[in-house]
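# Breakdown of the fold
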Amino acid sequence: SQSEPEGFYATQGIISLNEILASWGGTDGVYTPYDNKLSVILLQDVFEYVVAPVITNIEEAHVSQPNTPYQILSNVEVATTQQYNLFNNTINKNRPNYVYLSHERIVADNQTGELGSKLVIYPTPDAGYILNLLVKYVIQVADISSTLYFLPPYYIKPLKYQLARDFSALFKTKLSET
């Protein structure tokens, strides 16, 4: 049977793992290389939403009605910053035509405290809708109980090597050539 690593080593490993993932991704983070489906319930007269986990890119979007979620009413365009700057959500209410992924990439949900992304819908929904998205998520920070199932397989080998280099430097040992 394997024994658990001592707390210090486990803590150092988690710190190193998260530093590596952060450094690989720059400002957008390391993200899943595949599309994920996300459905957001849009409420009448509400145009800002925080959704978790953190989204790095919206690939596709459309709206449907709550009673027929698989019947597409219309496609929704992913708005650019220039388009977003022209939104006037206090006046215009209708079926949503645009979704904007806020430049505030990572925000906390006021109710749950969970980290997510801020979406702005335009025009402001005039009724309840479902916004169906295909997105790429930022890979979440790992903790001591995390498994690495969320990492694409081609990340594992370079990650192991980088962790070995980090531990070698931390403990002032020489890294084996093999």
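Quick look at the structure, then.

## Let's talk about the pattern of salt bridges
With the rule as written, the count across this model stands at four salt bridges. For Asp35, the salt bridge goes to Lys136, with nearest N and O atoms at 3.0 Å. With a gap of 101 residues between them, Asp35 in the loop between helix H1 (7-25) and strand E1 (36-42) and Lys136 in strand E11 (residues 129-137) connect regions that are remote in the sequence. A relative accessible area of 14% places Lys136 in the buried class. One salt-bridge network, held together by shared partners, links Asp35, Glu59 and Lys136.

## Thoughts on helix H3 (residues 153-170)
For H3, spanning 18 residues, the distance from its first C-alpha to its last is 26 Å, which sits close to the expected 26 Å at 1.5 Å a residue. Of all the positions in H3, only Tyr155, Leu159 and Ser168 are classed as buried. Trailing H3 by a residue or two, Lys172 shows a phi angle of about 55 degrees, which is positive.

## Observations concerning the sheet that holds E1
Strand order in this open sheet of four strands is E1-E11-E3-E4, and the pairing throughout is antiparallel. The open sheet terminates on both sides in strands that have one partner only, identified here as E1 and strand E4 (68-75). Taking the axes of each pair of neighbouring strands and ignoring which way they run, one obtains an average angle of 40 degrees across the sheet. The sheet contact formed by strand E3 (residues 55-65) and E4 spans four bridges and is antiparallel. From the neighbouring strand, Val63 faces E4, where its bridge partner is Ser74.

Definitions and limits used
Residues numbered from 1 in each chain as written. Predicted model: local features only at pLDDT ≥ 70, side-chain atom pairs only at ≥ 80, totals over all residues. Heavy atoms only, no water. Salt bridge = Lys/Arg side-chain N within 4 Å of Asp/Glu carboxyl O. Helix = DSSP H or I, 4+ residues; strand = E, 2+ residues; numbered from the N terminus. Buried < 20%, exposed > 50% of the residue type's maximum accessible area, 1.4 Å probe, protein only. Expected span 1.5 Å × (residues − 1). Pairing = 2+ DSSP bridges. Axes fitted to C-alpha atoms, helices over the stretch in contact; angles between N-to-C directions.

Any link to function would need more than the numbers given here.
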